Amino acid sequence: MAVPTTAPVPAHGATTDGQADRDLLQHLVLDFRQMREFAETPWVFTRGEGVRIQDDTGKWYLDGLSGVFVNSLGYGNERVLAAAFNQLNELHFAPPLHGTTKPAIELAERLRRLAPAVMHGAHGIEQEGQGGGVAVKLLSGGSEATEAAMKLARQYHKNAGHPRKYKIIARYGGYHGGTLGALSATGSWERKSVFEPLVAGFLHHHPPRVLRELFGELGKTLSDAECGIVSARLVERTIEAEDPETVAAVIVEPISISSAGFTVPPPEYYQALRRICDQHDVLLIYDEIITGFGRLGEWFGADYFGVAPDLLCCGKGMGGGYAPLAAVLIADRVWQAFLANPEERKEFHHGHTFAGNPVACAVGAAAIDEIEARGLLANARRRGAYLRGRLESFRRRYPQMIADVRGAGLLQGFEYDPALYPKSSKPGKRFEALARERGLIARCGDEFVVFAPPLVVTRDELDEMLAIAAECLAHLPG
Ligand SMILES: Cc1ncc(COP(=O)(O)O)c(C=O)c1O
C-alpha cells in the first residue's frame, strides 16, 4: 500500500502549541503515563489504514505493535466494519439479565470450534460433537477475563466440595490486568506497589529464565528444558508447602511481555506444570490476552505449546480492536460443576453490563471469519519466521549489543546485552524515541524491543519496519 497522502487534520483541542491545549492534555488521564510530560510532547492519532496509523501532524507510522497486540487485522478491515455497522443497525444492546443475542451465540459456537484441541481431549472430556467441548464466558476486556477466570477457579472448587482451595499462584514478571484481583496476580512491583495491600491469597514463582541467570556460568550449561522443569518443580514445592488443599489455580501467560521483561518458556515447563496441577487438583489458567487469536501462528498458545489449560483467557486481538471483546474458555470438566438446580446456587456469580454485547460479538465472529478466509495463521507463521531471521541477522551484526532474540509466530523481539546496557540505561526507551522519529511503533521495555505487527502484514511492510529498526540500532550506541 502506498503511504496515504491525505492532508493532516489536527485533532480539535489537541494541537501541540498553546497553553490551553497543554492544560487540557494534563487533565486527560492516560494509562501508566506522567501527563505533565505527555502534555509537552503529545501524540494524538487521527486515522489508520492497513498497517499504518497517522497522527494529527499528518505523519504516518508503521504499526509494528498492532496498537498494543490488538489490531491483528490492520486498520479499516471491510468485513469487520460491515459486521459492526449491520449489527449496530439491527440491535446494539439487549437486556443482559434476561437473555442473550444471536451474535453472542454465533461467536460462542465459533469459539467452541476453535478452542484448543488439547482442551477437549486432555482430561477425559468428551470430544466435540459428542456433547462435550468448552463453555464460553464472553467479556469486554483482558482484566475482566483474568478476573473471571480466577473467580471461576475459586468457585469451581467450592462447587466441587473443596471450599478451602482459594490460593492462586502466578509468575513474577507476568501481567494480568489493572483491576485489583488481576493486579494481585501480576508479578511486577512497578504496576502494583502503590495500590498495596492487594487481594489476599496470591503467591508468585520465578520464570525459567531467572534460574539460568541465578546460576551464572553454570546456568549457561543448563538447557531451556531443564530450567523450565526446575521452575515448574518449584511451583510444586510451593503448592506442597502451602497445603494443596488451599491452592485453587496457577495462572501464567504462555509468553509474557511486561515492564518486567519478555519471557518465552520451553514446552517442558508447561508439560510439567500440567502434570503438577493434575496431581494436586489445581486448575491451570492460561492468560492468552496477547498470545491468543493467531499471534503465535496458531489460534492459541495452548496449541503452540501443545499443553491444555483448564481455563483460557483471551481478549485484545479477538475483536481486532474494532470493539472491546474478551472471553474465558472453560474446559467441560470444570463447567460441569456449575450446572445444577437453581436452589443449589452453583451458577457462576459474576457479570458485567457489556459482557456479550451484540456489536462486539458480531465483530468477534467477523474477525474469526477474516482470519480463516485469508489464512492469517499461516501468514503469521511465514512472516514471523522471516521477522525472526532478520532479527537474528541484527544480532550477528551487533553481537555485543543484542544478547538474545526470541519469540514465536508474529511476536518476536530481542534483548539488549545487560553488560553493555544495564537496565538503568533504558536502551529500549531510547530505541522507542528513535523509532518514533523515523515512523515506527514497537513495544520497547527497559531492556527489550518486541515486534507484533498485524497478522495481515506483507513482507514489504516488514522490510520497511526492519529498515527503520536497523537505523535505530545503528544510532543507539553512545
Ligand atoms: C497478558 C495480559 N493479560 C491481561 C491484560 C489486561 O487486559 P486489558 O488491558 O484489556 O484489561 C493485558 C493487557 O495488556 C495483558 O497483556
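Just above, that's the structure.
A brief structural summary. (Residues numbered from 1 in each chain as written. Predicted model: local features only at pLDDT ≥ 70, side-chain atom pairs only at ≥ 80, totals over all residues. Heavy atoms only, no water.)

Before going further, it helps to spend a moment on the pattern of salt bridges. Considering all chains together, one arrives at 24 salt bridges under this definition. Among the ionic pairs, Asp446 bridges to Lys426, the shortest N-O distance being 3.7 Å. Here Asp446 is found in the loop between strand E16 (443-444) and strand E17 (448-451), whereas its partner Lys426 is found in the loop between strand E14 (411-416) and helix H18 (427-438), with 20 residues between them in sequence. Residue classification places Lys426 among the partly exposed positions, given a relative accessible area of 40%. Between Arg438 and Glu471 there is a salt bridge, and its shortest N-O distance comes to 2.8 Å. Of the two residues, Arg438 sits in helix H18 while Glu471 sits in helix H19 (residues 459-475), which places them 33 residues apart along the sequence. Since its relative accessible area comes to 23%, Arg438 is described here as partly exposed. Judged by its relative accessible area of 40%, Glu471 falls in the partly exposed class. Here the salt bridges share partners, and the residues they tie into one network are Arg274, Asp278, Asp310 and Arg333. (Salt bridge = Lys/Arg side-chain N within 4 Å of Asp/Glu carboxyl O. Helix = DSSP H or I, 4+ residues; strand = E, 2+ residues; numbered from the N terminus. Buried < 20%, exposed > 50% of the residue type's maximum accessible area, 1.4 Å probe, protein only.)

For the rest of this paragraph, the subject is the sheet that holds strand E2 (residues 52-55). Note on sheets: strands pair through backbone hydrogen bonds, and any given pair is parallel or antiparallel. The strand order across the open sheet formed by four strands is E1-E2-E3-E15, and the pairing between neighbours is mixed. In this open sheet, the two strands that pair with only one neighbour each are strand E1 (45-49) and strand E15 (440-441). With four bridges joining them, E1 and E2 adopt antiparallel strand pairing. Paired with Gly48 across the two strands is Ile53, which belongs to E2. Contacting E2, strand E3 (60-63) and E15, H19 crosses the sheet at an angle of about 105° to E3. (Pairing = 2+ DSSP bridges. Contact = heavy atoms within 4.5 Å. Axes fitted to C-alpha atoms, helices over the stretch in contact; angles between N-to-C directions.)

Close to the ligand lie Gly141, Gly142, Ser143, Tyr175, His176, Gly177, Glu253, Asp287, Ile289, Ile290 and Lys316. Taking Tyr175, its main chain carries an N or O atom lying 3.3 Å from a nitrogen atom of the ligand. Here an oxygen atom of the ligand sits 3.0 Å away from a polar atom, N or O, in the side chain of Lys316. (Near = heavy atom within 4 Å. Polar contact = N/O pair within 3.5 Å; in protein donor to acceptor, adjacent residues only side chain to side chain.)

Moving on, we come to empty space enclosed by the protein. Under the definition given, this model contains one cavity of 30 Å³ or more. Of the voids in this model, the largest cavity is the one considered here, and its volume is about 40 Å³. Taken together, Phe69, Ser72, Ile289, Ile290, Gly292, Phe293, Gly294, Arg295, Lys316, Gly317 and Leu455 make up the full set of residues lining the largest cavity. Of the residues belonging to the lining of the largest cavity, the class tally is five nonpolar, four polar and two charged. Here the lining of the largest cavity spans two domains, and each of domain 1 (19-74 + 377-475) and domain 2 (82-373) adds at least three residues to it. (1 Å grid on protein atoms, 1.4 Å probe; cavity = no way out; pocket = protein on both sides within 12 Å on 5 of 7 lines; lining within 4 Å. Points joined across faces, edges and corners; volume = space filled by probe spheres on them. Nonpolar A, V, L, I, M, F, W, Y, C, P; charged D, E, K, R; others polar. Domains from an automatic or database assignment.)

Moving on: the nonpolar core. Counting residues in hydrophobic clusters, the biggest one holds 103 residues, and the most contacted among them are Phe414, Phe431 and Phe451. Setting aside residues up to four positions removed in sequence, Phe451 forms contacts with Gly64, Leu387, Leu391, Leu410, Leu411, Gln412, Phe414, Phe431, Leu440, Ala442 and Ala469. Of all hydrophobic cores here, the second largest spans 29 residues; its members include Ala148, Leu283, Ile289 and Ile330. (Core = buried A, V, L, I, M, F, W, Y, C linked by side-chain atoms within 4.5 Å.)

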